[in-house]
Amino acid sequence: GDKKINVTTQGVNIILALDLSESMRALDFKKEKKIVTRLEAVKTVVRKFIMKREGDRIGMVVFGSNAFTQLPLTRDYNTISFILDKLKIGAAGPRTAIGDAIGISLKRLEDIKSKSNIIILLTDGKSNSGELSWQDATKIAKNRQVKIYTIGVGTKGEAPFLVDGLFGERYVYQKVDVDLGALKTIAKETSGSFFEAGDLKSLEKIYEMINNLEKTKVEVEKWVEYKELYPQILISGLLFFLFYIILNNTRFLRIP
């Protein structure tokens, strides 16, 4: 038969807003002693974060010059990890539309109601594209009581990029302009937190902190299949008792 039970678990709506602009190609992160792009480092950490959550709905918004939904809110963590692996730099354009990223994230959070809604916005650039300014997007998030954690990723100043030249591939240092002031304001106005990640270790610590901060309790209805075993045990017991009586009155019959 089926039986309904209530299970207490975590329940937060989380939108991962990830920057896929060209600056995410910067090779200033190390993973297992190997130099990797910022995006590759981010994928490694975000994947761990996803698999540590339980009962939360997680969605994904990606942005560059434009912002769009990569994955709506879901509890299918394996699908989220699969989609994360497929993300490519430049897929949303070379520039950075932080305001649009927040706007699209807010729309996705409207899809399924929850007591706690958060956006984890990760970028290594300055908002220079899109229709919605980051200031206006922040005001909307504040009014809707959506908390935004902002992460400024990468080293300050110049960062190495691998480029194809006339004489093959070579490393070129280019200036990367991340607007830390904007990220701090977005976090402060929405009661979130701002973080700066210059390497893989600090990025891991940041997501671990967010993971520990954002946990809430909700009741989830679950259907459990069960099978009654007592009839089988009862029948076995009766058969054994009947066999005992037969033997007692035949082969093992005792005459006084």
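Our structure is the block above this text.
Residues numbered from 1 in each chain as written. Predicted model: local features only at pLDDT ≥ 70, side-chain atom pairs only at ≥ 80, totals over all residues. Heavy atoms only, no water.

Caption draft 1: Layout of the overall build of the chain. Along the chain, the regular secondary structure elements total seven helices and 12 strands. Each of the 256 residues in the chain was classed as buried or not, and the buried ones make up 42%. Excluding contacts between residues fewer than 6 apart, the proportion of contacts in the chain whose partners are at least 24 apart in sequence is 78%. For the chain, the exposed area adds up to about 15100 Å²; of that, 54% sits on carbon and sulfur atoms. (Helix = DSSP H or I, 4+ residues; strand = E, 2+ residues; numbered from the N terminus. Buried < 20%, exposed > 50% of the residue type's maximum accessible area, 1.4 Å probe, protein only. Contact = heavy atoms within 4.5 Å. Areas by Shrake-Rupley, 256 points an atom, 1.4 Å probe, with all protein chains shown as cover.)

Caption draft 2: Layout of helix α6 (residues 200–213). Compared with the 20 Å implied by 1.5 Å per residue over 14 residues, the 20 Å span of α6 between its first and last C-alpha is a close match. A distance of 3.3 Å separates the backbone nitrogen of K201 from a side-chain oxygen at the start of α6, and that oxygen is part of D199. (Expected span 1.5 Å × (residues − 1). Polar contact = N/O pair within 3.5 Å; in protein donor to acceptor, adjacent residues only side chain to side chain.)

Caption draft 3: Examining the layout of surface pockets more closely. Volume-wise, the largest pocket comes out at about 180 Å³. What lines the largest pocket is a set of 15 residues, and nearest its centre among them are S23, T96, G125, N128 and D177. Taken together, the residues of the lining of the largest pocket sort by class into three nonpolar, six polar and six charged. Along the walls of the second largest pocket sit D100, G103, I104, L106, K107, E110, L132, I140 and R144, which together make up its complete lining. No other element matches the six residues that helix α3 (residues 98–111) contributes to the lining of the second largest pocket. Among the residues forming the lining of the second largest pocket, the class breakdown is four nonpolar, one polar and four charged. (1 Å grid on protein atoms, 1.4 Å probe; cavity = no way out; pocket = protein on both sides within 12 Å on 5 of 7 lines; lining within 4 Å. Points joined across faces, edges and corners; volume = space filled by probe spheres on them. Nonpolar A, V, L, I, M, F, W, Y, C, P; charged D, E, K, R; others polar.)

Caption draft 4: The arrangement of the nonpolar core in detail. Membership of the largest hydrophobic core comes to 38 residues, with the highest contact counts inside it found for L16, I151 and Y207. Elements represented by at least two residues in this core include exactly β2 (13–19), α1 (38–52), β5 (57–63), α2 (77–86), β7 (117–123), β8 (147–153), β11 (194–197) and α6. Considering every element that reaches this core, the biggest residue donor is α1, with seven residues. Excluding residues that lie within four positions of it along the chain, Y207 makes contacts with L18, V45, V46, F49, I120, L122 and I151. (Core = buried A, V, L, I, M, F, W, Y, C linked by side-chain atoms within 4.5 Å.)

Caption draft 5: Region of interest: the side chain of S23. Mapped onto the fold, S23 is located in the loop between β2 and β3 (29–31). With a relative accessible area of 17%, S23 lands in the buried category. If near-sequence neighbours (up to four positions away) are discounted, S23 is found in contact with R38, D124, F161 and V176.

The values reported here are purely geometric and, on their own, carry no functional implication.
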